[in-house]
Amino acid sequence: MKKVLITGATDGIGLETAKLLAAQGNHLIMHGRSDYKLQSACEQVKQHAPDVTIDTYLADLSTLTDSRKLARLILKEHSKIDVIINNAGVFKLPQPITQEGFDARFVVNTFAPAIITELLLPVLSEDGRIVNLSSAAQAPVQVDAMKGLVHLNDDFQAYAQSKLALTIWSEQVSKTLKPGQVSVSVNPGSLLASKMVKEGFGVAGNDLSIGAQILCKAALSDEFQHSSGKYFDNDSQQFASPHNFAVNAVNCQKVMEALQSVVEE
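Novice: What exactly am I supposed to notice about the pattern of salt bridges here?
Specialist: Between side chains of opposite charge, pairing is possible as soon as their charged atoms come close. Counted by the stated rule, this structure contains eight salt bridges. Asp82 is paired through a salt bridge with Lys80; the nearest N and O atoms lie 3.8 Å apart. Residue classification places Lys80 among the partly exposed residues on the basis of a relative accessible area of 43%. As a salt-bridge pair, Asp103 and Arg105 come within 2.6 Å of each other at their nearest N and O atoms. Ionic contacts of the salt-bridge type, sharing partners, join the residues Asp103, Arg105 and Asp155 into one network.

As structure tokens, this is what we get:
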């Protein structure tokens, strides 16, 4: 049995992943933004696995403060975590700029995973894994947009940049981990039937189980045991290179410097 944290576990791929992991006998730490949706998600998971152990946590990951509070509360209440699945994400928003002046796509999709993971590293098990939700949508990152100095008017650009920034962070943080630990970024599959896809692209989308199954593999299977720092593209069902921007060391350094300037207190 593994203890698995899933952010954004109240619907979409996160909820489907929780159901699969629960059915396999794992202990779940489920995060959500709405108490009603979080309790509903737990009930759905328990229908698949009545004996599952679930701990729930509320937090709005569009604020840096809430991300820190969430991680510190989990750290206080759990002495070991085996898997962190950074699943929570946003794409199209009526008001994308947060009160802190940042684009919420970067805050939720990039900064929150970095904050939560780095605060929880002290309790990540010796063979622990960090699974970061990347995307087939990737675009060169504008560091001034990450810092909130300029605002992106294109929803797709903001989303694609935030996902590539997360993919870069996933690779860079792998260099700081213990030998048995793994950090991997995963494109769970293009246009899956999540709320995000329906609202952002106006299409029904493909079966969510496609994404949930690959996240479970990334979290637990031997296939990912020696994949730290890599990017898995589930559309092609293989490890692949991310956007060329992420291959350039100077670009990666600039992204990491911008990220750290925001997330460090």
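That was the structure; now back to the text.
Novice: Please clarify how the side chain of Lys3 should be interpreted in this entry.
Specialist: Along the chain, Lys3 falls in strand β1 (residues 3–6). Look at Lys3: it is buried, it has no salt bridge, and the nearest opposite charge is Asp55 at 5.6 Å. Excluding residues within four positions of it along the chain, Lys3 makes contact with His27, Ile29, His78, Lys80, Ile81, Asp82 and Val83.

Novice: Just to check I follow, could you spell out the sheet that holds strand β8 (residues 238–240) for this structure?
Specialist: Each strand in a sheet pairs with its neighbour through backbone hydrogen bonds, running either in the same direction (parallel) or in the opposite one (antiparallel). The strand order β3-β2-β1-β4-β5-β6-β7-β8 describes an open sheet built from eight strands, whose pairing is mixed. The open sheet has two edge strands, β3 (54–58) and β8, and neither has a second partner. Averaged over all adjacent pairs, the angle separating strand axes in this sheet is 25°, with direction ignored. In this sheet, strand β7 (residues 231–233) lies alongside strand β6 (residues 182–187) in parallel orientation, the contact comprising three bridges.

Novice: When you look at the layout of surface pockets in this model, what are you seeing that I'm missing?
Specialist: To locate leftover empty space, one rolls a probe as large as a water molecule over the atoms. The space that makes up the second largest pocket amounts to roughly 270 Å³. Residue lining of the second largest pocket: 17 residues in total, with Thr167, Glu171, Gly229, Pro242 and Ala246 positioned closest to the centre. For the lining of the second largest pocket, the elements supplying multiple residues, two or more each, are α6 (155–173), β8 and α9 (249–263). For the lining of the second largest pocket, the element with the highest residue contribution is α6, accounting for four residues. In terms of residue class, the lining of the second largest pocket is built from nine nonpolar, five polar and three charged.

Parameters and conventions
- Residues numbered from 1 in each chain as written.
- Predicted model: local features only at pLDDT ≥ 70, side-chain atom pairs only at ≥ 80, totals over all residues.
- Heavy atoms only, no water.
- Salt bridge = Lys/Arg side-chain N within 4 Å of Asp/Glu carboxyl O.
- Buried < 20%, exposed > 50% of the residue type's maximum accessible area, 1.4 Å probe, protein only.
- Helix = DSSP H or I, 4+ residues; strand = E, 2+ residues; numbered from the N terminus.
- Lys, Arg positive; Asp, Glu negative; His and termini not counted.
- Contact = heavy atoms within 4.5 Å.
- Pairing = 2+ DSSP bridges.
- Axes fitted to C-alpha atoms, helices over the stretch in contact; angles between N-to-C directions.
- 1 Å grid on protein atoms, 1.4 Å probe; cavity = no way out; pocket = protein on both sides within 12 Å on 5 of 7 lines; lining within 4 Å.
- Points joined across faces, edges and corners; volume = space filled by probe spheres on them.
- Nonpolar A, V, L, I, M, F, W, Y, C, P; charged D, E, K, R; others polar.

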